[in-house]
Amino acid sequence: GKQPVRIAVTGASGQIGYQLLFRIASGSMLGPDQPVILQCLELPQAMNALKGVSMELDDCAFPLLKGIVQTDDPNRAFAGADYALLVGARPRSKGMERGDLLKANAEIFSVQGKALDKNANKDTLRVLVVGNPANTNALIAARNAPSIDPKRFSAMTRLDHNRGLAQLAEKTGSSVTDIEKFCIWGNHSATQYPDINFGSINGKSLTSIINDDEWVKKNFIPTVQQRGAAIIAARGLSSAASAASAAIDHMRDWTYGTNGQWTSMAIYSEGEYGADKGLYFSYPVIVSPNGKYEIVKGLQLDQFSKERFEKTRAELVEEMTAIKELLP
Ligand code: NAI
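Every value quoted in this text rests on a predicted model; they were computed, and no experiment measured them.

### Some thoughts on the pairing of strand 3 (residues 65–71)
A regular strand places its side chains on the two faces of the sheet in alternate fashion. By the bridge criterion, 6 bridges tie strand 2 (residues 36–41) to strand 3 in an arrangement that is parallel. Residue pairing in the sheet places I37 in a bridge with G67 of strand 3. Of the crossover connections in this fold, the one passing from strand 2 over helix 2 (residues 47–60) to the parallel strand 3 is right-handed.

### Digging into helix 5 (residues 134–143)
Burial runs high along helix 5: 9 of the 10 residues are buried. Where helix 5 is concerned, the buried positions are A134, N135, T136, N137, A138, L139, I140, A141 and A142.

### Considerations on the pairing of strand 5 (residues 126–129)
Side chains R126 and L128 of strand 5 all project onto a buried face; the interleaved residues V127 and V129 project onto the opposite face, where all are buried too. Where strand 4 (residues 83–86) and strand 5 come together, 4 bridges link them in parallel fashion. Looking across to strand 5, one finds that L85 is bridged to L128. Following the backbone out of strand 4, through helix 4 (residues 98–119) and into the adjacent parallel strand 5, one traces a crossover that is right-handed. As paired strands, strand 5 and strand 6 (residues 153–155) are joined by 3 bridges and run parallel to one another. Within strand 6, the position partnered with V129 by the bridge is A155. Taking the sense of rotation as the criterion, the β-α-β connection linking strand 5, helix 5 and strand 6 turns out right-handed.

### Re the site of the ligand
In the vicinity of the ligand there are 22 residues, among which Q15, I16, E42, V130 and N132 approach most closely. Contact distances for the ligand include 3.3 Å between a nitrogen atom and a backbone N or O atom of V130. At 2.8 Å from an oxygen atom of the ligand is found a side-chain nitrogen or oxygen belonging to N132. Coverage of the ligand by the protein chains reaches 81% of its 870 Å² of free accessible surface. For the shell around the ligand, the secondary-structure elements that each account for two or more residues are helix 1 (15–26) and helix 4. Counted by class, the shell around the ligand contains 10 nonpolar, 11 polar and 1 charged residues.

### Points about helix 4
Over its 22 residues, helix 4 runs 31 Å from end to end, which matches the ideal 32 Å to within 8%, given 1.5 Å per residue. When helix 4 is considered as a whole, its buried residues turn out to be L101, L102, A104, N105, A106, F109, S110, Q112, G113, A115, L116 and D117.

### Regarding the UniProt feature "binding site: NAD(+)" (unreviewed entry) in the protein chain
Feature annotation in UniProt assigns "binding site: NAD(+)" (unreviewed entry) to the following positions: G11, A12, S13, G14, Q15, I16, G17, N105, V130, G131 and N132. What makes A12 buried here is its relative accessible area of 0%. Once you skip the residues sitting within four places of it in the chain, A12 turns out to touch G17, Y18, L21, C40, L41, E42 and L50. Relative to the helices and strands, N132 resides in the loop between strand 5 and helix 5. When its relative accessible area of 38% is taken as the criterion, N132 is described as partly exposed. Among all residues touching N132, those that are not within four sequence positions of it are A89, N105, N137 and H188.

### Observations regarding the packing of aromatic side chains
Under the criterion given, the structure shown has 13 aromatic pairs. Centre to centre, the rings of F281 and F309 are 4.9 Å apart; their planes meet at 40°, and the pair counts as tilted. Of the two residues, F281 sits in strand 13 (residues 280–287) while F309 sits in helix 11 (residues 303–322), which places them 28 residues apart along the sequence. Residue F281 is classed as buried on the basis of its relative accessible area of 0%. Taking the relative accessible area as the measure of exposure, F309 reaches 6% and is therefore buried. Connected via pairs of aromatic rings, a cluster forms that spans W185, Y273, F281, Y283 and F309. Of note, K217 hangs over the ring of F304, and the distance from its end group to the ring centre comes to 4.4 Å.

### Focus on the pattern of salt bridges
When charged atoms on two side chains of opposite charge get close, those side chains can pair. Counted under the stated rule, the structure contains 14 salt bridges. A salt bridge links R98 to E319; its shortest N-O distance comes to 3.8 Å. One end of the pair, R98, is in helix 4; the other, E319, is in helix 11, with 221 residues separating them in the sequence. The salt bridge partner of R313 is E310, with a shortest N-O separation of 2.9 Å. Of this pair, R313 and E310 are both found in helix 11, 3 residues apart, which corresponds to roughly one turn of the helix. Residue class for E310 comes out partly exposed when judged on its relative accessible area of 36%. Beyond isolated ion pairs, a larger network of salt bridges with shared partners links R158, D249, R252 and D253.

What counts, and at which threshold
- Residues numbered from 1 in each chain as written.
- Predicted model: local features only at pLDDT ≥ 70, side-chain atom pairs only at ≥ 80, totals over all residues.
- Heavy atoms only, no water.
- Pairing = 2+ DSSP bridges.
- Helix = DSSP H or I, 4+ residues; strand = E, 2+ residues; numbered from the N terminus.
- Right-handed = clockwise from strand over helix to strand, strands pointing away.
- Buried < 20%, exposed > 50% of the residue type's maximum accessible area, 1.4 Å probe, protein only.
- Near = heavy atom within 4 Å.
- Polar contact = N/O pair within 3.5 Å; in protein donor to acceptor, adjacent residues only side chain to side chain.
- Areas by Shrake-Rupley, 256 points an atom, 1.4 Å probe, with all protein chains shown as cover.
- Nonpolar A, V, L, I, M, F, W, Y, C, P; charged D, E, K, R; others polar.
- Expected span 1.5 Å × (residues − 1).
- UniProt positions renumbered as here; feature names shortened; annotations may be inferred.
- Contact = heavy atoms within 4.5 Å.
- Phe/Tyr/Trp six-rings, centres within 6.5 Å; stacked < 30°, edge-to-face > 60°.
- Lys NZ or Arg CZ within 6 Å of the ring centre and 35° of its normal.
- Salt bridge = Lys/Arg side-chain N within 4 Å of Asp/Glu carboxyl O.

Take a look at the structure:
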């Protein structure tokens, strides 16, 4: 059989971590013939909770689970890591300014970037940042890992992508798998731009099927952008199971490919479509079966799309500027 891969998960005993670890260990992420070792990172005060999660993982008797590391030391968590899912982050506390939140996370992700640089398996590593502000946290981690290819870092917009697919499937009375060429541009935040202009179902354009520009602009786009807040309002807690599920989708597709289909990933920008080089920016991507992603090229954005693109680009530049002096 295959050798086990090492999967580091930070914030492992948090809400998302609690959903994520069991799905990874069951084979949902890397398939039924890929053994895994989970390397869990938590804060010192959460080590007891992590112990409980680890006991439950044992009690599932997952055939693929070959080991569990529980640690509060990033160097141990990332030792030999083939995958790193960076979920743990500093949440916004009452009265905290956005700039302070960015800086508190910049510290966490600087430490973790350095620890990845020193300890991870650089030839195989795939990093997914889930913890918010995810795009800028990915930038910070990557910049602190100078010996790792920045293309091995990504931030998660797959939840936004999946949320968009669900809304579109409902509106058109189709299945989520029928919808092609939908994407999220930019930041994982309320400025993100869910774009249906290239979308199709069975080769027929989504805009012509929906034929309701008012719905797209006044209903669809804000619904996807504000979905996180709507979940909190309904559930009293932020989205965790759906976030974990999107992380599973992101890593699976990045490993095994997307069968020629588009998905959305926030990845290192070389300046494609006018985003600033070095930002972690969500693009439409296709992943080949060997696990290499390519940004979809040559799309023509209309005036409305260009305005939306510019808004989310400007926000990412602003976030980067707020933490600039903390970058190496
Ligand atoms: P949570 O607060 O339940 O769990 C976070 C866990 O991370 C806690 O157990 C905490 O002890 C741990 N942690 C904090 N700092 C750490 C550090 N430096 N090292 C290791 N562990 C650390 O939060 P939840 O609901 O699991 O969300 C986690 C993050 O994911 C949040 O930042 C949230 O905003 C973000 N998120 C991102 C989404 C996306 O689509 N990109 C979707 C949903 C949530």
